[in-house]
Amino acid sequence: MLLSLEPRGQQSRLMLWCSPLLAAVLTLGCGSLLFIALGHDPLLTLHTLLIAPISDLYGVSELLVKALPILLCALGLAVAYQARIWNIGAEGQLLLGALAGSALAVNIIDLQSRWALVLILLTGTLAGAAWAGLTAWLRTRFNANEILTSIMLNYIALNLLLFCVHGPLKDPAGFNFPESAMFGDASRLPLLMEDGRVHAGVYFALLALVAVWVLLQKSFVGFQIKVLGLDKRAAGFVGFREKRLIWLALLISGGLAGLAGVCEVTGPIGQLVPQVSPGYGYAAITVAFLGRLNPIGILFSSLLMALLYIGGESAQMSMNLPQAITQLFQGMMLFFLLASDVLILYRPRLNLRWVRRTSTTAVQAGAL
């Protein structure tokens, strides 16, 4: 007996777009069973996790603050993934953007010009792009697997940030805490409301959303990226330059992740701290696939992922749930999404093979 998968003759586009909803429903169902096993009321827990955090205006502002870095990273990943360039390094690119922007900000604290903020944002964006450029160089020069190189660069970026925040960028008046000095007012993103922490970085996220949509849907470069992802050989036959497209996709991906990082330190945090990212770059991978690599779908999936972040924190404090509940929900959602896609794209087939065993006596009789 053998279970195999065979491609379906015709794929349902409706089911491809509905599978994220199916994955969300299955995640909620399994999450409810988990809450029952932990001794909690599932309805009350889901209310605490998904509804209570956005029941007021401040909660909505926190949702936007959490969604902003996830959205920027996921938009960049969508560009790379459309070309089948599996960048897993958005987390490291975000950290480098935050580190480079902070290194400039702490040295121009007394500068009162608004150009200070522009320079800091530009520095962080270019640092993220440069960090992704290392992956592009290793892929195009040595044909190194971008999955391995990008994920290893994440750990290098994290240790660089920890070294700097405990050493050169450590605030001398910070009572020995591993954090930089607070940035100057001219180096901070302005708030959009008095009773919340949402800031002007939302405009950058919306601008990036429109730019990525135009790039992928309306530009010839986006068409080349999609062709490269669908068939590398066909892209070469029509004259599309693979190495140039790899560099372009990874630089865009890293630049947006770097922008997400520098917006975090110049926005709600206001300084460089070791916990600048609780895993936004990794969560963006799930968000990109949950949104079907489409900028509009990524917008809604990033809001859902941000809701899981703030809901997980709320459930942890009010119901004493484990800290890993957010990562658990992320993992379940990605698992169910991939499982749904497999069943949509492939048809399971069960092959039954019965082997007739011949007795030893019969074999010996036949030999005689």
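Note: the structure precedes this text.
In this text, all values refer to a predicted model and were calculated from it rather than measured experimentally. (Residues numbered from 1 in each chain as written. Predicted model: local features only at pLDDT ≥ 70, side-chain atom pairs only at ≥ 80, totals over all residues. Heavy atoms only, no water.)

Participant: Explanation requested: the nonpolar core in the structure shown.
Facilitator: Within soluble globular proteins, side chains that are nonpolar tend to cluster in buried spots. Counting residues in each nonpolar core, the largest one holds 97 residues, and the members touching the most others are Leu72, Leu75, Tyr81 and Leu272. No other element matches the 15 residues that helix H3 (residues 57-82) contributes to this core. (Core = buried A, V, L, I, M, F, W, Y, C linked by side-chain atoms within 4.5 Å. Buried < 20%, exposed > 50% of the residue type's maximum accessible area, 1.4 Å probe, protein only. Helix = DSSP H or I, 4+ residues; strand = E, 2+ residues; numbered from the N terminus.)

Participant: Before we go on, may I ask you to explain the packing of helix H7 (residues 201-218) against helix H12 (residues 295-319) in this structure?
Facilitator: For any two helices packed against each other, one specifies the inter-axial angle together with the distance between the axes. It is the contact of H7 with H12, at a shortest axis distance of 9 Å, that shows an interaxial angle of 145°. Contact residues: Leu209, Val212 and Trp213 in H7; Pro295, Ile296 and Leu299 in H12. The residue makeup of the contact of H7 with H12, split by class, is 6 nonpolar, no polar and no charged. (Axes fitted to C-alpha atoms, helices over the stretch in contact; angles between N-to-C directions. Contact = heavy atoms within 4.5 Å. Nonpolar A, V, L, I, M, F, W, Y, C, P; charged D, E, K, R; others polar.)

Participant: I'm lost on the packing of aromatic side chains in this one. Help?
Facilitator: Between two aromatic rings, the relevant description is the distance of the centres plus the angle of the planes. What the rule picks out here adds up to 10 aromatic pairs. Centroid distance Phe335 to Phe336: 5.4 Å. Interplanar angle 65°. Geometry classified as edge-to-face. According to the relative accessible area criterion, Phe336 is buried, its value standing at 14%. What links up through ring pairs into an aromatic cluster is the set Tyr81, Trp86 and Phe289. Here the basic side chain of Arg141 rests over the ring of Phe142, its NZ or CZ set 5.1 Å away from the ring centre. (Phe/Tyr/Trp six-rings, centres within 6.5 Å; stacked < 30°, edge-to-face > 60°. Lys NZ or Arg CZ within 6 Å of the ring centre and 35° of its normal.)

Participant: Where do I start with unusual backbone geometry in this structure?
Facilitator: Despite not being glycine, Phe175 has its phi angle at roughly 55°, a positive value. The phi torsion at Arg292 lies on the positive side, around 60°, for a residue other than glycine. Topologically, Arg292 is positioned in the loop between helix H11 (280-290) and H12.

Participant: I'm lost on helix H5 (residues 115-142) in this one. Help?
Facilitator: What sets the pattern is the α-helix's 3.6 residues per turn: residues three or four places apart point alike. Relative to the 40 Å expected for 28 residues at 1.5 Å per residue, H5 spans 40 Å between its end C-alpha atoms, a close match to the ideal helical length. Asn143 occupies a position one or two residues after H5 and carries a positive phi of about 55°. (Expected span 1.5 Å × (residues − 1).)

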